[in-house]
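These are the residues of each chain, in order.
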Amino acid sequence: MSYDVVIVGAGPIGLFLACELRLQGVRTVVLERRTEIDPTLKAGAVAGRGADVLIRRGISELLGDQPTMADLMGGGKLGAESTQATTAKPGAPLVGHFAGLWILRGGSQPAGMPIIAGQQVLEAALEKHATELGADLRRGHALTGITQDDTGVSVAAEGPEGPYELRTGWLVGCDGGRSAVRKLTGFAFPGVDGVITGHQAIVEVDDPDFFPLGWHRTEHGMLARGPFPQRVLAVEFDGPPVDRSAPVTREELQASLRRLSGTEVTVTAVHSATRFTDNTRQAETYRVGRVLLAGDAAHVHPPFGGQGIALGLGDAANLGWKLAAEVSGWAPDGLLDTYTTERHPAAARVLHNTRAQVALLAPGPRVDALRDVFTALASTAEANRLLTDLMGDLDLRYDVAADHPLAGRYCPDLALTVSGTATSVAWLARGGRPLLLDLDDRPGVRHAVRPWAGRVEAVTARADGAPAAAVLVRPDGYVAWAGEDVGGLREACTRWFGAPRE
Ligand SMILES: Cc1cc2nc3c(=O)[nH]c(=O)nc-3n(C[C@H](O)[C@H](O)[C@H](O)COP(=O)(O)OP(=O)(O)OC[C@H]3O[C@@H](n4cnc5c(N)ncnc54)[C@H](O)[C@@H]3O)c2cc1C
């Protein structure tokens, strides 16, 4: 077998998965048909648990100086529509928006602040990191065929020197919404067709003040200017694009801006443009034999609220260590199937909330009324908390068959002291290993995990206000077990990290 895992697609999710697999020593190749990073303007931020994923592997530090949400608000000039936003002072802790209504920090669980970074900045950092970790990234190589059997997958590819074949143990499709891996393997991809045509673009126009900054619903749809200079987001509700593959033209953009703004604005140059719709579809399962899906390949939804990368990073963080366990030979039975059972509901929720956002952005007097009611509700602390949880996946709880309040939840980033040195959960998580945090200096707890030495790293630490005597944290940051019952600890280690060594 020449490779353990072949990943198709070097978008943010394929690249992050490559980093995760390399952290665990898995021989990984990434096939990417593009010869360079796609320059089209897409994501501008990664929020919620997606930000935590990047912080806990130290990747947020590789992005260089980036603006904050407060910078993007432009000192309050953006004029978002919610009551909270208009009363929010510059520098208020904004964590995102729901259909253009700002959401303030204040979820039921702690989370890192959004990371404001263009998709290209993130992809460049991830590409460098993955390559430094030893991933074999092949640009200009497209997947063309897949044949799998009980022992592995034969992958047909077309590279600069012509067609060739690779043999691998596992194949992961991170090849985006129109995934060839998904289609060639025959994954079912049910969902709802789109009704909108949206454009996001960086344009030059003859009258830069043709429309106010911020998000605004109009007679025909929704038009937003900012937060980046020259950026427009235009959404019309007259049906999906006729040809989604055709290049976006200057004329098409100008016509949409004119219809939405009711002006005669002229687009004089287009620097970047993308077209989207609101079809929401999700693969029924994320695994067929030795072929898996992650990121947009597994689920598509409209971009409102900017959740796509965060969702995909959550997939990759969940899948990486489980796939590595399979490759290493110590994976317990059924571990890899928990990838679908844990991640499918998370994406279903995003599909659902983006459909709700489309409904709230539609034109017309009934939606005007609905939006007024929704805005009033969203301005209450409780509804703000619900939206923060929903958009950031903060309240996600996996079924880990343990009953402590922390079990199944994302481990908070506790400030720790280890051997007199200040550290944190986020810092200890960088190696991507399962962690047993012994927070009450209990030799029995440390002794209990000795049969998993080499798989589980035991750390004795002090934490002010420790939430439990000990916490077992999976590599994706979720708590597998917490408490003091060593019998339960051993069961959790066996369930997630395989049989104990003699
Ligand atoms: C207008 C817009 C705004 C957005 N804003 C945000 C935001 O603010 N925040 C956020 O989190 N998300 C946002 N998103 C969503 C985000 O861009 C996507 O969720 C993200 O790109 C998905 O990453 P991915 O790696 O799964 O797929 P992709 O980024 O689509 O990457 C797939 C890769 O696979 C490659 N590929 C495809 N087929 C093959 C093949 N046969 N062989 C080899 N390679 C192949 C492609 O070239 C591509 O590089 C936005 C999306 C849009 C359209």
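Just above sits the structure.
Worth saying up front: this structure is predicted, and the values here are computed from it rather than measured.

Student: How would you sum up the layout of surface pockets? Please name residues and give values.
Tutor: Size it by volume and the second largest pocket reaches roughly 190 Å³. Taken together, 14 residues line the second largest pocket, and the ones lying closest to its centre are Thr197, His199, Pro241, Val242 and Glu252. Mapped by element, the contributors of at least two residues to the lining of the second largest pocket are strand S12 (197–205) and helix H7 (250–261). Residue contributions to the lining of the second largest pocket peak at 3 residues, all from H7.

Student: Would you mind going over the packing of aromatic side chains in detail, with residue names and values included?
Tutor: Taken as a whole, this structure holds 9 aromatic pairs when the rule is applied. With 6.2 Å between their ring centres and 35 degrees between their planes, Phe210 and Phe211 make a pair best called tilted. With relative accessibility at 11%, the residue Phe211 sits in the buried group. Judged by centre distance (6.0 Å) and plane angle (75 degrees), the ring pair of Phe276 and Phe304 falls under edge-to-face. Placement of the pair is Phe276 in strand S16 (residues 267–276) and Phe304 in the loop between strand S20 (299–300) and helix H8 (308–328), with a sequence separation of 28 residues. Each of the two residues, Phe276 as well as Phe304, counts as buried. When the ring centre of Trp170 is taken as origin, the NZ or CZ atom of Arg290, which lies over that ring, is 4.5 Å away. Note that Arg474 overlies the ring of Trp496, its terminal NZ or CZ placed 4.5 Å from the centroid.

Student: Run through the pairing of strand S22 (residues 421–424), naming residues and quoting values.
Tutor: By the bridge criterion, 4 bridges tie strand S21 (residues 415–418) to S22 in an arrangement that is antiparallel. Each bridged residue has a counterpart across the sheet, and for Val418 the counterpart in S22 is Thr421. Between S21 and the antiparallel strand that follows it, S22, lie 2 residues; Ser419 among them carries a positive phi value of about 50 degrees.

Student: So, H8: which residues are in play, and what are the values?
Tutor: Taking 1.5 Å per residue as the helical rise, H8 with its 21 residues ought to reach 30 Å, and the 30 Å between its terminal C-alpha atoms agrees with that figure. At Leu319, H8 shows its strongest bend, of approximately 25 degrees. Positive backbone phi, approximately 95 degrees, marks Gly329, located one or two places after H8.

Student: So what about the sheet that holds strand S24 (residues 457–460)? Which residues, and what values?
Tutor: Strands sit in the order S24-S23-S25-S26 across an open sheet of 4 strands; the sheet is mixed. Each having just a single partner strand, S24 and strand S26 (479–483) make up the two edges of the open sheet. Direction aside, neighbouring strands of the sheet carry axes that sit 15 degrees apart on average. The sheet contact formed by strand S23 (residues 435–438) and S24 spans 4 bridges and is parallel. When the sheet's bridge partners are listed, Leu437 is paired in S24 with Val459.

Student: Would you mind going over empty space enclosed by the protein in detail, with residue names and values included?
Tutor: Applying the stated criterion across every chain, the model contains 4 cavities of 30 Å³ or more. Reported here for the largest cavity is a volume of approximately 160 Å³. Every residue lining the largest cavity is counted, 20 residues in all, and those nearest its centre are Arg49, Ala310, Gly314, Arg343 and Asp393. Among the secondary structure elements, those contributing two or more residues to the lining of the largest cavity are helix H2 (48–56), H8, helix H9 (338–361) and helix H11 (381–392). Sorting elements by how many residues they give to the lining of the largest cavity places H8 first, with 5 residues. A breakdown of the residues in the lining of the largest cavity according to their chemical character gives 11 nonpolar, 5 polar and 4 charged. By volume, the second largest cavity is sized at about 70 Å³.

Thresholds, definitions, all that
- Counting starts from 1 at the beginning of each chain's written sequence and moves along it residue by residue.
- Side-chain atom pairs in this predicted model are given and counted only at pLDDT of 80 or more, local residue features only at pLDDT of at least 70, and totals for whole chains, interfaces and linings cover all residues.
- Calculation of side-chain values draws on the structure's entire complement of heavy atoms; hydrogens and water are dropped beforehand.
- The way it works is a 1 Å grid over only the protein atoms, where trapped points that fit a 1.4 Å probe form a cavity and open points with protein on both sides within 12 Å along at least five of seven lines form a pocket, and then any residue with an atom within 4 Å of a point lines it.
- Grid points are joined across faces, edges and corners, and a volume is the space filled by probe spheres set on the points.
- Note on conventions: DSSP H or I runs of at least 4 residues are helices, E runs of at least 2 residues are strands, and numbering of each starts at the N terminus.
- Stacked, edge-to-face and tilted labels apply to pairs of Phe, Tyr and Trp rings (six-membered ring for Trp) whose centres lie within 6.5 Å, assigned for plane angles under 30 degrees, over 60, and everything in between, in that order.
- Using a 1.4 Å probe on the protein chains alone, a residue whose accessible area is under 20% of its type maximum counts as buried, one over 50% counts as exposed, and one in between counts as partly exposed.
- Look at NZ for Lys and CZ for Arg. If either is within 6 Å of the ring centre and within 35 degrees of the ring normal, a charge sits over the ring.
- Here, strands pair whenever DSSP counts at least two bridges between them.
- Here the expected length of a helix is defined as 1.5 Å per residue gap, with one fewer gap than residues.
- In this scheme, the bend at a residue equals the angle between the axes fitted to the seven residues that finish there and the seven that begin there.
- Note on geometry: axes are lines fitted to C-alpha atoms, helical ones only across the stretch in contact, with angles between N-to-C directions running from 0 to 180 degrees.
- Three classes are used: nonpolar for Ala, Val, Leu, Ile, Met, Phe, Trp, Tyr, Cys and Pro, charged for Asp, Glu, Lys and Arg, and polar for all others, with Gly counted as polar.

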